[in-house]
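In case you want the letters, here they are:
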Amino acid sequence: MDQFLGALAFAKGIGRTLVLPHLVEYPDRFSSSVQIPFQSYFKAEPLAEYTKVILMDDFMKNLAPKVWPKGNRTVFCYMSRGNANDCAAKDGNPFGPYWDKFGVDFDKSEFYAPLSFDPNFEKHRLEWKKRFPAEKYPVLAFTGAPGAFPVIETNVPLQKYIKWSDMIDFKADKFINQFKNDPKEKFIAIHLRNGIDFKRACEHVKTSKTNFFASPQCLGYSQENGEMTEELCYPSEKTIFKQLGKALKKYDAQYVYIATDAEDMLVKLSKKFKNVKFTKYTENNPHVDLCILGKADHAIVNCVSSFSAFVKRQRDSENKTTEFWGFKAKKRTEL
């Protein structure tokens, strides 16, 4: 979603309509990727408040035959890929399966180097319009998302236009109502990014204290709030117990919702906080996890995780409190 926010800003910046893409998933039982319609998870209408958008299915059915017909389809990439002098846009997974879903083959490649996607860079924004005018290039199809990861600072506020679909919202509310006895009772949501893959990634911190993955969300884009630590990236159980205990007391919460990709610590936490009910979603559905994390009275998330970053941006857009595991802001010296 970081890159989607960038694409949203980019489309508006160069005066184009954004085609809302299908979202790529890799179900366990399939070897290839599958493409899920954007509206299955998110609403299109709020995005239209910011800039012009159209769903991919609607575009391919109603507009593509006229403005992007077969035999006249160009794909854009920064520079050629591999040994061929083109974008090789359909090489590999998910690229091939994604475009095959819509019966798209490309007839020509265009290289846009050295342009960037940041519309705040006025020179590049104008150059996009000059080099690739809509009259000659009615559609700009890219080999990858035209947006940065992590999301650039100026695009963070665009999260307010990202709203869950009614289906995801309904599932989240239904589950919350099942574990809470009284709607007035409060619950805290926590994100535990504690899989072995993330533990290995966090070993990078031993040799570098610079920003890593989504860490600008707490350290700042210029690291004005501190430096990277192992505890910030992969918090210990001691930190989790201590920080959660303080939050439970501060917010007078009776419930804790756990979102995780690995160990849920549910048994350990239940033993530590005997008067608190801990729960997690019974299905493997990260979108519902994200939605519930956003609805909590308070949330504790991982500074380095892009999954957590989605939650933080959403909660900030709704003026809800969020904190990060193991984070202590650097004390500022007053002059």
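In this convention, every chain numbers its residues from 1, walking through the sequence in written order. The predicted nature of this model means local features are confined to residues of pLDDT at least 70 and side-chain atom pairs, given and counted, to a pLDDT of 80 or more, with totals for whole chains, interfaces and linings taken over all residues. As a rule here, side-chain values come from all non-hydrogen atoms in the structure, and water together with hydrogens is ignored.

Caption draft 1: Geometry of the side chain of Thr-239. Counting from the N terminus, the helices are DSSP H or I runs at least four residues long and the strands are E runs at least two residues long. With respect to the helices and strands, Thr-239 occurs in helix H10 (residues 237-251). Note on Thr-239: relative accessible area 16%, which makes it buried. Any two residues whose heavy atoms approach within 4.5 Å are treated as being in contact. Dropping the residues within four chain positions of it, Thr-239 is found in contact with Glu-231, Trp-325 and Gly-326. Relative accessible area decides the class of each residue, using a 1.4 Å probe on protein chains only: under 20% of the type maximum gives buried, over 50% gives exposed, and in between gives partly exposed.

Caption draft 2: View of the pairing of strand E8 (residues 187-192). The element E8 is extensively covered by neighbouring structure, given that six of its six residues are classed as buried. Every second residue of E8 is oriented toward a common face, with Phe-187, Ala-189 and His-191 on one face and Ile-188, Ile-190 and Leu-192 on the other, all of them buried. Relative to strand E9 (residues 255-260), E8 is paired through six bridges, and the arrangement is parallel. Residue pairing in the sheet places Leu-192 in a bridge with Thr-260 of E9. When DSSP finds at least two bridges between two strands, those strands are taken to pair. Note: E8 against strand E11 (residues 298-301), three bridges, orientation parallel. Each residue of the ladder has a partner; that of Ala-189, found in E11, is Ala-299.

Caption draft 3: View of helix H5 (residues 122-131). Among all positions in H5, only His-124, Arg-125 and Trp-128 are buried. For H5, the buried positions fall inside an angular range of 105° around the axis, keeping them on one side. Seen from the buried face of H5, the exposed residues on the opposite side, beyond 90 degrees, are Lys-123 and Lys-130. Of the surrounding elements, those touching the buried residues of H5 are helix H1 (2-13) and strand E7 (141-142). Throughout, the arc means that of the directions going from the helix axis to the C-beta atoms.

Caption draft 4: Highlighting the environment of Ala-253. Positionally, Ala-253 belongs in the loop between H10 and E9. Judged by its relative accessible area of 9%, Ala-253 is buried. In sequence terms Ala-253 and Tyr-78 are 175 residues apart; their C-alpha atoms lie 50 Å from each other. The contact partners of Ala-253, leaving out residues within four places of it in the chain, are Lys-186, Phe-187, Ile-188, Leu-248 and Val-276.

Caption draft 5: Spotlight on the environment of Met-79. Structurally, Met-79 can be placed in the loop between strand E5 (74-77) and helix H4 (95-101). In this structure, the C-alpha to C-alpha distance between Met-79 and Leu-47, residues 32 residues apart in sequence, is 30 Å.

Caption draft 6: Up close: a positive patch on the surface. On the surface, a cluster of positive charge is contributed by Lys-238, Lys-242, Lys-246 and Lys-328. Along the chain, Lys-242 falls in helix H10. Patches draw on residues past 30% relative accessible area with no salt bridge. Two like charges within 9 Å are joined, as are two nonpolar side chains (Val, Leu, Ile, Met, Phe, Trp, Tyr) within 5 Å. Here, Shrake-Rupley sampling with a 1.4 Å probe gives the accessible areas, and only protein chains in the shown set may cover a residue. A pair is scored as a salt bridge if a Lys or Arg side-chain nitrogen falls within 4 Å of a carboxyl oxygen belonging to Asp or Glu. Positive residues here are Lys and Arg, negative ones are Asp and Glu, while His and the chain termini are left out of the count. Each charge is placed at NZ for Lys, CZ for Arg, CG for Asp and CD for Glu.

Caption draft 7: How the structure looks around the packing of helix H6 (residues 166-179) against helix H12 (residues 286-295). Axis lines are fitted through C-alpha atoms, for helices just across the contact stretch, and the angle between N-to-C directions can take any value from 0 to 180 degrees. Viewed as axis vectors pointing N to C, H6 and H12 meet at an angle of 65°, and their least axial separation amounts to 9 Å. Crossing hand, H6 versus H12: right-handed. Residues Ile-168, Asp-169, Lys-171, Ala-172, Asp-173, Phe-175 and Ile-176 of H6 touch H12, and the partners they reach there are His-287, Val-288, Cys-291, Ile-292 and Lys-295. Gly falls in the polar group here, along with every residue not listed as nonpolar (Ala, Val, Leu, Ile, Met, Phe, Trp, Tyr, Cys, Pro) or charged (Asp, Glu, Lys, Arg). Looking at the contact of H6 with H12 residue by residue, the class counts come to seven nonpolar, one polar and four charged. With the far helix as reference, a near helix turned anticlockwise by less than a right angle produces a left-handed crossing, and one turned clockwise produces a right-handed crossing.

Caption draft 8: The packing of aromatic side chains, seen in detail. Two rings from Phe, Tyr or Trp (for Trp, the six-membered ring) form a pair when their centres sit within 6.5 Å of each other. Planes less than 30 degrees apart are called stacked, planes more than 60 degrees apart edge-to-face, and all others tilted. Within this structure, the stated rule accounts for 35 aromatic pairs. Ring geometry for Trp-99 versus Phe-106: centroids 5.0 Å apart, planes at 85°, classification edge-to-face. Here the aromatic rings of Tyr-112 and Phe-142 are separated by 5.8 Å at their centres, their planes lie at 80°, and the arrangement is edge-to-face. Of the two residues, Tyr-112 is situated in the loop between strand E6 (108-111) and H5 and Phe-142 in strand E7; the sequence distance between them amounts to 30 residues. In terms of burial, Tyr-112 and Phe-142 fall into one category: buried. Ring-pair connections join several aromatic residues into one group, and the members of that group are Phe-10, Phe-76, Tyr-78, Tyr-112, Phe-117, Trp-128, Phe-132, Tyr-137 and Phe-142.

Caption draft 9: Fine view of the nonpolar core. For this analysis, a nonpolar core means a set of buried residues of the types Ala, Val, Leu, Ile, Met, Phe, Trp, Tyr and Cys, connected via side-chain atoms within 4.5 Å. Counting 55 residues, the largest nonpolar core has Phe-187, Tyr-257 and Ile-292 as the members making the most contacts within it. For this core, the element with the highest residue contribution is H1, accounting for six residues. Every residue in contact with Phe-187, bar those within four places of it in the chain, is listed here: Ile-176, Phe-179, Lys-180, Ala-253, Tyr-255, Tyr-257, Ile-292, Lys-295, Ala-296, Asp-297 and His-298.

Purely geometric numbers; function is a separate question.
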